[in-house]
Amino acid sequence: MTVRIGVLTSGGDAQGMNAAVRAVVRTALAADAEVYGILEGWQGAVDGGDYIRPLGWDDVSGITALGGTVIGTARCAAFRTAEGRRTAVAHLIEKGIDRLIVIGGDGSLTGTDALRAEWPDHVAALLASGAITPEQAERHHSLVIAGLVGSIDNDMVGTDMTIGTDSALHRIVEAIDAIASTAASHQRSFVVEVMGRHCGYLALMAAIAGGADYVFIPEQPPSADWHAHMASVLRRARNAGRRTSIVVVAEGAADADGNPITAEHVRAVLSDEMGEDARVTILGHVQRGGTPSAYDRWMASMIGHAAVEQVLGDASEAQVVGVRANRPHAQPLVEAVAATRNIATLIAEKRFDEAMAARGHSFVQMHAAFRRLSEARTAVETPDPDKRVAIMHVGGLAPGMNAAAKALVRLGVDHGFTMLGVQGGFPGLIAGDVRELRWGDVEGWTSTGGANLGTRRWIPGEEELYGLARSVETLGIDGIVIVGGFNAYRALTLLQEEKKRYPSLNIPTVVLPASIDNNLPGLQMAIGADTALNVAVQAVDRIKLSASAAKRAFVVETMGRHCGFLALATGVAGGAERVYLNEDGLSIGALAADIDAMVAAFSGGQSFWLAIRNEEASAFYTTDLLTRMFEAEGHGLYSVRGVVLGHVQQGGTPSPFDRINGVRLAAAVTDWMNEKLATGEGIQAFATPDGIRPVKELDDLVDWEVRRPLEQWWLVLKPVLAALGHRPGSDVANT
Ligand code: ADP
C-alpha cells in the first residue's frame, strides 16, 4: 500500500511555511508517496473529515511567494488533552496516515512528540472500543514524525535559522530604514519594539542591520543603572556625528532584577532624562507578514525536502530537521526542544552568561561587535593616529559594500586606527585618491546600495607595482582591507609574490569577500549574494504575475559568471522547473527531454513554466536561442519569453543578512589587523567565517581557471530542484 504522509502547520505562522509545504508535497509525490494536508493545525486533526484532505502537485503551485500558511494554522486547546489527541489519532488512521511532518514552533513540536509517544496506547484503546479495525491497528501501529521549525524568533537550539526569521528581519530592517530617514530629518529618537519573548536574536540582528545605537535583549539584561549607560552611549554617538538615536527593544527585555523594560519605558527615559524628542514604534504582527525572503524560500524548500526523506527512512526517533551551514541538519526533537526551553529557564534563574552561551558562539560575538560598533569610543576619547588602515573595493559592485566599509571604519576607529577610504580601487590608490574616514563620516552607509568608495575590477600587474608601492609609502599606509570579489584574491596573490621587492607592500593585507556571483573561496555566502538573490526572486515573482493570464514559459537569465549559486537558489526559491548551470553545461539531448516535459505539462493543464539560465550556462545555447527553441517546439500550445535580469541584481538595497555578514567579517578582519599591526607581520590573507586564512591556502580552495571555489555547497540544492520541478508523469528522467 502507498505510504501516506500528513503535513500540517501549527502555532504561530511564519513566512516560508508555504515553501516547506510545497517541498513536502512535491518531494513525497516524486517518491511515490501520497500527501494529505491537515488544515488549521492540530484542530484539523481533531475535527477530521474534510480538514484532512489529499494534496496534489497543482494544489501547491504558486504558493511560495505568499506569506503565512495556505493550509491554515491554529492554536488548539483540545489537542492539549489526551482525549483530543485520541480523536486526532482516530481521524489520522481513518485516512491511512501514520507519518507526519509538522511545521511549527517548539509548542507544536512538543505536542507532536507527545502524540508519537502515546500513539500505541491510543491505537489499543481505539481498537478496544471498535473505532478502528484490527487491520488498521496493525498497519498503523506507530507514528513516524519529523518537525520543521517555523518561528520568526530563531529560538530553536541546534539549528542556524528557523523558517520565517530572515523574512521577519527583512520587515524589521525595512521599518528601521524608513524610521531612520524621518528621524534623521528631525534629529529625533525612536524606540522600536520587536518580537522575541525569550530570544534576542531578532532584536540584536535588527539593531546591527538597521545601524541602531542601543539594544535590549532578554539574554543580556542591563544592570539597574542602564539609564546612565544608554544616555552616555547615545550622547557619544550624537557628538561623533549621528543625527538620530534608535533603540531596539525585544518584547521580552528586562533588567537584571527581572523588571520588564518596555519601549514606553525607554522612551520616557529618553525624553525625561535626556530631553530627546522620542517616539515609539511597535512593529507587532507586521513582522510575521509579507512575502517570504529568498532565504526563507530556498531554505524551507531544502529542509522540507529533507523532512520527507526523514519520514520515509528509518526514523525510530522523532527528528527536527533544521539547517546547519546551509545544509539540512536533523537532530532528536526531544533534545532540541529541551535545550531551547532551558534557555528560558536560565534567563528566569538570572544565569545570563549561560543563556548567552547557549545561543551559540556567533550570537555572543555579534553582541560584542554591536557594542563596539555603536559606542563611538575612541573616536571621541583617544584617537591614535599611529596606525593607518586603508579600505578599498575591487571587483564588481556588490550590495552591502557600504555596510561592510562602515563596519570596518567604526570597528577600526574603535581599535584606535586612523581609517582611510580609497576612492576607486587600485587606480585610486595609485593616484593617491585617499581620504580619512572618521566615525561620523560613514553615517547612513548601512542601508545604501552601491559603493560610496567606488569599485574597480582593475588590478595592478607587475609593472604597476612600483607606482602602487610608492603611493602606499607616501600615504603612510600600514594595512589594507580590500572589500571585493575574485580579482581581489588575484591581487592578493600578486602582492604576496612581489612584496619582497617592495617593502612598503610588506604590510598586512586582507580581503573581505563581496560578490553577487558568490564565487569566493572558503565561505558560503559572500557579501551581496543574498541581496542579488532577493532581487532576482522578486523579479521572478513579478514575471509570474505578468504571465498569469496566458499559457507561458519564461527563460530568466541571472548573473553569477561561472558560478551556479545565484541561478540555482533563484530556481529553488522562485519555483522553477529547470535551472541551467555552467557546472552542468547544456546539451541538445537534455533540452529535448525538457521540451517534452514542458509540452506534457502544458498539455496536462499547467499554465506556467519557468527555466532559470545562468549567464554562462553555455556559449551556444543562449537565452534567446532557448526561448525560440522552446516556443517553436510548443507549436502554439504556449508562448515563451526571455528575460535577462542584468544589472538590477547588483543594485538592491542590501539585505539584512548581507549587512550582518559584513559586520561579522569586518569584526574578524579588524581584530586580525590589530594583531598583525602589533606584531609587524606583513601577511596577505582572506577572511572567512571560520577565521582569517593565509593567501597560500587559496590554491587548495580555488579553481583559478573557471573562477569559482572548488567546493560548491549550493549544489546541495540540485536534488531539491529536481524533486520540486519535475511533475510526475510529464517527465522522462531527472537529470
Ligand atoms: P508554537 O508551536 O508556535 O510554539 P504554541 O506553543 O501555541 O505555538 O503551540 C501550538 C499548538 O501546539 C497548541 O495550541 C497545541 O495544540 C499544541 N501544543 C503545544 N504544546 C503542547 C503540549 N505540551 N502538548 C500537546 N499539544 C501541545
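What you see is a predicted model; the values in this text were computed from it and never measured.

(A) Main features of the site of the ligand. Residues in contact with the ligand amount to 14 residues; listed here are only the nearest, R75, C76, G105, G107 and S108. Take G105: an N or O atom from its main chain is 3.0 Å from an oxygen atom of the ligand. At 2.4 Å from an oxygen atom of the ligand is found a side-chain nitrogen or oxygen belonging to S108. Per-element tally for the shell around the ligand: the top contributor is helix α4 (residues 106–128), with 5 residues.

(B) Highlighting the domain arrangement of the protein chain. As far as domains go, the protein chain holds domain 1 (4–162 + 292–343), domain 2 (165–288), domain 3 (381–526 + 654–704) and domain 4 (531–651 + 715–724). Using only C-alpha atoms to locate each centre, domain 1 and domain 3 end up separated by 47 Å.

(C) The arrangement of the sheet that holds strand β9 (residues 278–282) in detail. If you trace the 4 strands from one edge of the open sheet to the other, you get β7-β8-β6-β9, paired in parallel fashion. Edge positions in the open sheet fall to β7 (214–216) and β9, since each of these has one partner strand only. Neighbouring strand axes in the sheet, compared pairwise and without regard to direction, differ in orientation by 15° on average. Where β7 lies against strand β8 (residues 245–250), 3 bridges are found, and the strand directions are parallel. Note on β8: the bridge partner recorded for F216 is V249. On top of the sheet, helix α6 (residues 165–186) reaches β6 (189–194), β8 and β9; it is set at about 170° to β6, its chief contact.

(D) Up close: the packing of aromatic side chains. A complete count under the given rule lists 12 aromatic pairs for this structure. Ring geometry for W42 against F79: centres 4.0 Å apart, planes inclined by 5°, an arrangement best described as stacked. Here W42 is found in helix α2 (residues 41–47), whereas its partner F79 is found in the loop between β3 (52–54) and α3 (82–94), with 37 residues between them in sequence. The buried category is assigned to F79, whose relative accessible area is 5%. Centroid distance Y295 to W298: 5.2 Å. Interplanar angle 80°. Geometry classified as edge-to-face. Note that Y295 and W298 are positioned in helix α10 (residues 294–312) at a spacing of 3 residues, about one turn of the helix. Assigned by exposure class, Y295 and W298 land together as buried. Across from the ring centre of W57, 3.7 Å away, lies the NZ or CZ of R26, which sits over that ring.

(E) Summary view of the UniProt feature "domain: Phosphofructokinase" (unreviewed entry) in the protein chain. Under the feature "domain: Phosphofructokinase" (unreviewed entry), the UniProt entry names residues 4–310 and 388–672. Split by type, residues 4–310 is 45% helix and 15% strand. Its first and last C-alpha atoms lie 14 Å apart. With 41% helix and 17% strand, the stretch residues 388–672 has end C-alpha atoms that lie 14 Å from each other.

(F) A look at the nonpolar core. Residues W298, L512 and F565 are the most contacted members of the largest nonpolar core, which totals 151 residues. With 11 residues, α10 is the single largest residue contributor to this core. In this structure, F565 is in contact with D517, N518, M525, A529, L533, T570, W713 and W714, ignoring residues within four places of it in sequence. Residues V422, L494, Y502 and L698 belong to the second largest nonpolar core, which totals 35 residues.

What counts and how
- Residues numbered from 1 in each chain as written.
- Predicted model: local features only at pLDDT ≥ 70, side-chain atom pairs only at ≥ 80, totals over all residues.
- Heavy atoms only, no water.
- Near = heavy atom within 4 Å.
- Polar contact = N/O pair within 3.5 Å; in protein donor to acceptor, adjacent residues only side chain to side chain.
- Helix = DSSP H or I, 4+ residues; strand = E, 2+ residues; numbered from the N terminus.
- Domains from an automatic or database assignment.
- Pairing = 2+ DSSP bridges.
- Axes fitted to C-alpha atoms, helices over the stretch in contact; angles between N-to-C directions.
- Contact = heavy atoms within 4.5 Å.
- Phe/Tyr/Trp six-rings, centres within 6.5 Å; stacked < 30°, edge-to-face > 60°.
- Buried < 20%, exposed > 50% of the residue type's maximum accessible area, 1.4 Å probe, protein only.
- Lys NZ or Arg CZ within 6 Å of the ring centre and 35° of its normal.
- UniProt positions renumbered as here; feature names shortened; annotations may be inferred.
- Core = buried A, V, L, I, M, F, W, Y, C linked by side-chain atoms within 4.5 Å.

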